[in-house]
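Overview (structure and organization)
Next come the chains, spelled out residue by residue.
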Amino acid sequence: MNKEIVVSGIRPTGNLHLGNYMGAVKNFIKMQHEYNCYFFIADFHSLTTHPNPKDLHQNVKQVLAEYIACGIDPEACTIYIQSDLPEIAELYLLLNMHAYKGELERVTSFKEKAKSHPNNINAGLLTYPVLMAADILIHKALKVPVGKDQEQHLEMARTFGNRFNRIYNNELFPEPQAFNYGNQLVKVPGLQGGGKMSKSDGDNTVINLNDDDATVRKKIMKAVSDVSPTEPNSTPSQAVQNLFDLMTLVSNQEVISYYKTTFADCSIRYGDLKKQLAEDMALFISPIKQKIDEISGNDEMLGKIAKMGAEKARDSASKTIATAREMIGFTKFY
Ligand code: TYM
């Protein structure tokens, strides 16, 4: 029986962080053995912020090294660089003809980015969800392992795929669904006391998979907490809830219960909680960081992986684009 198709990608904006790991990569590692998986580095997507070419080149290689270090196996799945597939750019163009300004302007990520970067509201930013739909639909994926922040983009991918099917009276694209092995998509909080972990809030608010023990400890010890509770069984503030949420990801159940109990009876000391969290986080990150150190810089191996992945991915992408071209009427008469 044919395995279900899975697609997901991460933008090469620097090092991968704990949010990328828990929202996406952790699922990739398991899914690669159960599904037909395509995992890529979304370098087209990173162009919306106009990266310097040297940094972009370096960051693509770094994410590839970090994928491998995390346990994504180029033999078990297809790993590729998005810009190695011109078929994606072509499908993006085709889908763009049926994507409307009004619906694109209503996308939350567009509104947020337009607000935070009013001088760079480019067409690529507006049509970002169309490019993402092209990434997913090009392999006819059914499952897309992503964090909670990508939910709306998945809805758009379904909309664009269905619209294309309807207009051209064909069932080319199936409906992709966001996926996580837990029963919910995850949102890993940052260390700044509110909001998700994100590079755009500054390096001190994220735990990178490439951080050494000392850096992990320093960042966690500086994480925003709160004044101690004065009423028994009170509701934790957002900042404290974030620390508990991070603990849930890396600490054992006994430790979590202990700190929850001390919060409930008001005896909690946030300094101790952060020390414990810092140790558990360092223990979690350290083996991944060691692997990253071993792999990054091995351009020969990374090059082979990228080449093999590009060939496998193009094989799948070229079939989809050939059908899409035919549906549109780009049929050869010569
Ligand atoms: P990006 O590069 O911002 O993030 C990559 C993946 O990491 C997840 N993620 C998080 N999950 C939980 N908590 C967090 N704090 C957190 N931060 C990031 C994201 O949900 C994502 O799964 N547009 C995408 C990249 C992309 C893509 C695609 C993904 C391009 N084409 C096609 C899936 C399918 C993005 O910018 O993710």
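Here the structure is a predicted model, which means the values were calculated and not measured.

Rules used throughout
- Residues numbered from 1 in each chain as written.
- Predicted model: local features only at pLDDT ≥ 70, side-chain atom pairs only at ≥ 80, totals over all residues.
- Heavy atoms only, no water.
- Salt bridge = Lys/Arg side-chain N within 4 Å of Asp/Glu carboxyl O.
- Helix = DSSP H or I, 4+ residues; strand = E, 2+ residues; numbered from the N terminus.
- Buried < 20%, exposed > 50% of the residue type's maximum accessible area, 1.4 Å probe, protein only.
- Near = heavy atom within 4 Å.
- Polar contact = N/O pair within 3.5 Å; in protein donor to acceptor, adjacent residues only side chain to side chain.
- Areas by Shrake-Rupley, 256 points an atom, 1.4 Å probe, with all protein chains shown as cover.
- Nonpolar A, V, L, I, M, F, W, Y, C, P; charged D, E, K, R; others polar.
- Pairing = 2+ DSSP bridges.
- Right-handed = clockwise from strand over helix to strand, strands pointing away.

**Brief notes about the pattern of salt bridges**
Summed over all chains, the structure comprises 16 salt bridges. Residue Glu311 is joined to Lys307 by a salt bridge in which the shortest nitrogen-to-oxygen separation is 3.6 Å. On the criterion of helical spacing, the pair formed by Glu311 and Lys307 is a turn pair, its members being four residues apart in helix α14 (residues 299-328). A residue is classified by how much of its surface remains accessible, and Lys307, at 56% relative accessible area, is exposed. Sharing partners across several salt bridges, the network here consists of Asp203, Asp211 and Lys219.

**A closer look at the site of the ligand**
Neighbouring the ligand are 26 residues; Arg11, Tyr128, Asp135, Gly147 and Asp149 lie closest to it. One nitrogen or oxygen atom from the side chain of Tyr128 is found 2.7 Å from an oxygen atom belonging to the ligand. Within the side chain of Gln150, a nitrogen or oxygen atom sits 3.3 Å from a nitrogen atom of the ligand. Here the ligand has 700 Å² of accessible area as a free molecule, and 97% of this is covered by the chains. Mapped onto the shell around the ligand, the elements with two or more residues apiece are β1 (5-10), α1 (18-31) and α8 (128-137). For the shell around the ligand, a count of residues per class yields 12 nonpolar, nine polar and five charged.

**Thoughts on the pairing of β1**
As paired elements, β1 and strand β2 (residues 36-41) share six bridges and run parallel to each other. Considered in β2, the bridge of Gly9 is made with Phe40. With α1 bridging β1 and its parallel neighbour β2, the resulting β-α-β unit is right-handed.

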